[in-house]
Amino acid sequence: MIYDEPKFLPGGDRFIEMELGDELNFDLNFLVHSLSAKIREAEIAGLIELLPNMASIVISYDPDLISFADLKSEILSHYRNMGSLEDMELLSPIYYIPVLYCDHVTRACWEDYCAKITEKEYDSDILVKLNDLDGYAQLARIHSGTEYWVAALGFYPGLASLIALDPRCRLTAPKYNPPRTWTAKGTIGYGGSVTCVYPANTPGGYQMIGHTPVPVCDIEQSLPAFKQDLALLRPGDRVRFFPVGREEYDYIESRVTAGDYVHNVAHYAKFSIRAYHEWLGTLDMKERF
Amino acid sequence: MTMPMIEVLKPGLETCVQDYPGRKGAFGMGFPPSGPVDHWSFRLANILVGNAPGDAALECQFIGPALKFKAPAVIALCGGDMAAKLGGAPVPLWQSIAAEAGQVLELGSALTGARTYLAIAGSIDTPPFLGSRSTFVLGDCGGLNGAPLEVGGEIPVGEGQGVPGRKIKQSCRPAVSENHRWQIEVCAGPNDDWIDAAGQQRFLKSEWKLSPKSNRVGFRLEGPEWTFTEKATNKAPENGSDPSNTIDHGYPIGAINLCGQTPIILLHDTLTLGGFINPFTVPSSAFWKLGQSRPGDIYDFELVSVDEAQARKRAINAMCSEDSIEQA
């Protein structure tokens with residue numbers, strides 16, 4: 001549920017965890033990011049930075065500049081002035097990311113895990129079975145059949161947690177146990193009901209269903225999309241995956257390597273909560289792509 | 001302007017460039033602040049050589065480096081005792097000294113504490129990344145090419161006006177434990193209501209041993225079992241199956257992050273979010289103790305209020321100033 005009164009929980013001398021509710025819920029996450037934007041705009045003296053997540057915001061502050069109590073009351077006043085959720089609309093660019101499903105890169109990673117750590121079923125087979133799909137083609141069709149909402153950013157630099165906006169495309173997946181010691185940069189992962197693009201070569205626990213040659217984080221800031229910022233995605237942005245074959249994948253990879261790949265982004269796109277709710281109401285949940 | 005350089009002869013164990021308070025403003029993108037663990041000793045070293053307290057300096061961990069000065073420098077070492085020698089002669093801690101061009105500073109293994117800070121007048125001048133020179137090894141960024149020192153590496157240093165013979169008053173230095181036991185402050189929360197009253201008491205009354213599986217990302221602790229409230233055991237499925245699982249949330253620095261039955265204190269290079277609860281948080285005033293403790297050391301936790309934790313931090317900040325200096 002979304003709490004009537006948000007909770008302000010202390011995290012030592014310089015952090016507060018503001019909990020707005022206790023479930024995974026799109027409306028609640030939208031509220032978290034709308035409030036985070038309002039707090040940032042307010043430029044409260046002594047507030048250092050925010051870590052917004054699914055249902056909460058961790059706030060770091062300098063207690064020599066603002067007290068816990070004053071920061072709490074200032075944030076609460078912004079929260080109370082937010083207005084109705086239904087009326088909220090925000091600029092929400094859509095990033096198009098090409099994916100080669102059931103690819104060679106993640107297959108090699110899975111084989112390496114089986115050889116060195118423990119035998120396990122091929123990741124896409126797990127998703128197909130668990131979600132009652134008829135094969136890899138349907139897995140790709142469903143995974144690429146919806147826009148995703150960036151619900152959180154972090155864990156590792158540039159890692160975005162993505163949730164499906166079309167409830168008919170929501171999949172579930174268990175996590176690797178034990179986790180992998182490495183995952184290739186660009187791996188498309190699925191864990192719980194969250195999907196992601198691995199921003200770098202890192203350990204990981206999500207099932208691997210595909211791979212993209214397109215980077216989502218670049219600390220060297222070499223490609224045009226990273227000139228302003230080294231992480232591509234922000235909470236409140238959207239992602240749309242589109243399936244590509246090996247030939248197109250190789251072409252895109254060559255453009256990335258050459259340093260002239262242009263990310264495909266609809267920067268003009270807005271997101272209206274009212275329109276989204278109305279659309280949800282028209283869906284037949286028994287339909288499947 | 002030419003840059004006086006320092007050449008790395010031996011790198012030591014993950015010796016890194018750090019500054020204080022580290023990287024701000026990128027936590028929400030997944031970059032934790034980084035910076036020195038014992039920021040009290042770190043700042044004192046900088047003050048001794050005439051730098052700003054937060055300027056970039058070296059954090060030496062457990063086994064120190066060997067460094068050759070290419071130009072004359074004024075330096076200071078604070079923190080754990082690594083039996084430092086300059087040109088073969090012992091070097092005192094907590095004091096600024098002059099190094100001549102061509103001299104070698106050699107640090108050994110930590111005899112007391114775990115981390116020694118080396119500040120150089122003029123401060124280390126590596127390129128800042130997102131506003132900070134702190135090294136974030138896990139993210140391959142900051143410091144010297146995003147990595148610890150390497151043999152043959154060169155550390156650029158700015159022009160400085162350091163004065164040798166300045167000393168930190170005894171009363172203004174952190175007191176490194178000699179019996180390998182530390183009283184560590186904790187504040188309750190943010191998720192203390194997931195642990196039952198018996199579990200909270202057990203945490204506060206028990207000895208906790210620092211595990212060898214610890215680094216600047218997190219310190220693992222070994223100790224008794226945790227027990228939970230209804231909130232942890234009877235919850236919506238999206239929280240995950242283990243009592244310590246919750247919906248993904250951001251992690252405060254210092255949080256005691258409970259992964260199953262293993263508590264991990266999250267340090268300045270932490271992963272920034274995850275799906276485990278944080279029942280207690282270690283405040284900034286105790287970080288010097290974390291920085292100077294080593295695997296096998298015992299922690300006793302002391303519950304303090306947020307106000308008390310803030311007051312203790314102010315007291316340490318007050319000692320990170322020119323008032324702490326005397327002439328040797």
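Residues numbered from 1 in each chain as written. Chains lettered and ligands numbered in written order. Predicted model: local features only at pLDDT ≥ 70, side-chain atom pairs only at ≥ 80, totals over all residues. Heavy atoms only, no water.

### Side note on the pairing of strand β13 (residues 207-211) of chain A
Residues and elements named next belong to chain A. Applicable threshold: Whether a residue is buried, partly exposed or exposed follows from its accessible area with a 1.4 Å probe, protein chains only, as a fraction of its type maximum: under 20%, in between, or over 50%, in that order. Numbered from the N terminus, helices here are DSSP runs of H or I no shorter than four residues, and strands are runs of E no shorter than two. Two strands qualify as a pair provided DSSP detects at least 2 bridges between them.
In terms of burial, β13 is a largely internal element, five of the five residues being buried. Here strand β6 (residues 94-101) pairs with β13 via two bridges, running antiparallel. Note on β13: the bridge partner recorded for Leu-100 is His-211. Direction of pairing for strand β10 (residues 187-191) relative to β13: antiparallel, over a ladder of four bridges. The residue of β13 that forms the bridge with Tyr-190 is Gln-207.

### What to know about the domain arrangement of chain A
Note on interface size: it is often stated as the accessible area lost on association of the parts. Residue and element names in this part refer to chain A. As a reminder, the rule being used: What marks off one domain from the next here is an automatic or database domain assignment. Any two residues whose heavy atoms approach within 4.5 Å at even a single point are treated as in contact. Once two parts are put together, the accessible area they lose, assessed with a 1.4 Å probe and summed over both, is termed the buried area.
Under the domain assignment, chain A is made up of domain 1 (2-83) and domain 2 (94-282). Placing a centre on the C-alpha atoms of domain 1 and another on those of domain 2 gives a separation of 29 Å. Listed per partner, the contact involves nine residues of domain 1 and 13 residues of domain 2. Of the roughly 910 Å² buried at the junction of domain 1 and domain 2 (both faces included), carbon and sulfur atoms supply 74%.

### Concerning the nonpolar core
Residue and element names in this part refer to chain B. Keep this limit in mind: Here, the term nonpolar core denotes a set of buried Ala, Val, Leu, Ile, Met, Phe, Trp, Tyr and Cys residues that are joined through side-chain atoms within 4.5 Å.
If you look at the biggest cluster of nonpolar residues, it comprises 55 residues, and the most contacted ones within it are Phe-203, Ile-265, Val-282, Leu-290, Tyr-299 and Phe-301. If one sorts the elements of this core by residue count, helix α1 (residues 39-48) sits on top with six residues. Discounting residues that sit within four places of it in the chain, Phe-203 has contacts with Val-186, Trp-208, Trp-226, Ile-256, Phe-280 and Phe-301.

### As for the sheet that holds strand β8 (residues 96-99) of chain B
All names here are of chain B. Let me state the cut-off plainly: Lines fitted to C-alpha atoms define the axes here, with helix axes fitted over just the stretch in contact, and angles between the N-to-C directions of these axes take values from 0 to 180 degrees.
Reading across the sheet, the five strands line up as β2-β3-β10-β5-β8 and stay open at both edges, with antiparallel pairing between neighbours. At either end of the open sheet lies a strand with only one pairing partner, and these are β2 (16-18) and β8. Taking the axes of each pair of neighbouring strands and ignoring which way they run, one obtains an average angle of 35° across the sheet. Here three bridges tie β2 to strand β3 (residues 57-61), and the two strands are oriented antiparallel to one another. Following the sheet pairing, Gln-18 is matched in β3 by Ala-57.

### Observations concerning the interface of chain B and chain A
Where we set the bar: Just to be clear on terms, a salt bridge is a Lys or Arg side-chain nitrogen sitting within 4 Å of an Asp or Glu carboxyl oxygen. Polar contact criterion, stated in full: a pair of N or O atoms within 3.5 Å, where within protein one must be able to donate a hydrogen and the other to accept it, and residues adjacent in sequence count only if both atoms are side-chain atoms.
Taken together, the contact between chain B and chain A spans 44 residues of the former and 35 residues of the latter. Summed over both sides, the interface between chain B and chain A buries roughly 3,400 Å², with carbon and sulfur atoms accounting for 59% of that surface. Asp-64 of chain A is the salt-bridge partner of Arg-314 of chain B, the closest N and O atoms lying 2.6 Å from each other. Across the contact surface, chain B and chain A share 14 residue pairs in polar contact (both at pLDDT 80 or more). Among the elements of the structure, β13 (181-188), β16 (245-250), β19 (273-281) and α5 (306-319) of chain B are those that each provide at least two residues to the side of chain B that touches chain A.

### Describing helix α6 (residues 246-258) of chain A
In an α-helix, one turn spans 3.6 residues; hence positions three or four apart end up facing the same way. Residues and elements named next belong to chain A. This is how it is decided: Given the number of residues in a helix, its expected span is that number minus one, multiplied by 1.5 Å. Think of it as the arc spanned by the lines of direction from the helix axis to the C-beta atoms.
In a regular helix each residue adds 1.5 Å, so 13 residues correspond to 18 Å; α6 covers 18 Å between its end C-alpha atoms and thus fits that length. Turning to α6, its buried residues are Tyr-249, Ile-252 and Val-256. Along the axis of α6, the buried positions cluster into a sector of 70°, meaning they face one direction only. Of the residues in α6, the exposed ones pointing more than 90 degrees away from the buried face are Glu-247, Thr-257 and Ala-258. Those residues of α6 hidden inside the fold are in contact with β6, α3 (104-116) and β13. Two residues or fewer past α6, Gly-259 is found with a positive phi of approximately 85°.

### Topic: the pattern of salt bridges
In the structure shown here, the tally under the stated rule is 28 salt bridges over all chains. Residue Glu-5 of chain A is joined to Arg-80 of chain A by a salt bridge in which the shortest nitrogen-to-oxygen separation is 2.9 Å. Here Glu-5 of chain A is found in strand β1 (residues 2-10), whereas its partner Arg-80 of chain A is found in helix α2 (residues 68-80), with 75 residues between them in sequence. On the basis of relative accessibility, which here comes to 45%, the residue Glu-5 of chain A falls in the partly exposed class. Residue class for Arg-80 of chain A comes out exposed when judged on its relative accessible area of 53%. Notably, a salt bridge pairs Arg-312 of chain B with Glu-185 of chain B, separated by 3.3 Å at the nearest N-O pair. Of this pair, Arg-312 of chain B sits in helix α5 while Glu-185 of chain B is found in strand β13, placing the two residues 127 residues apart along the sequence.

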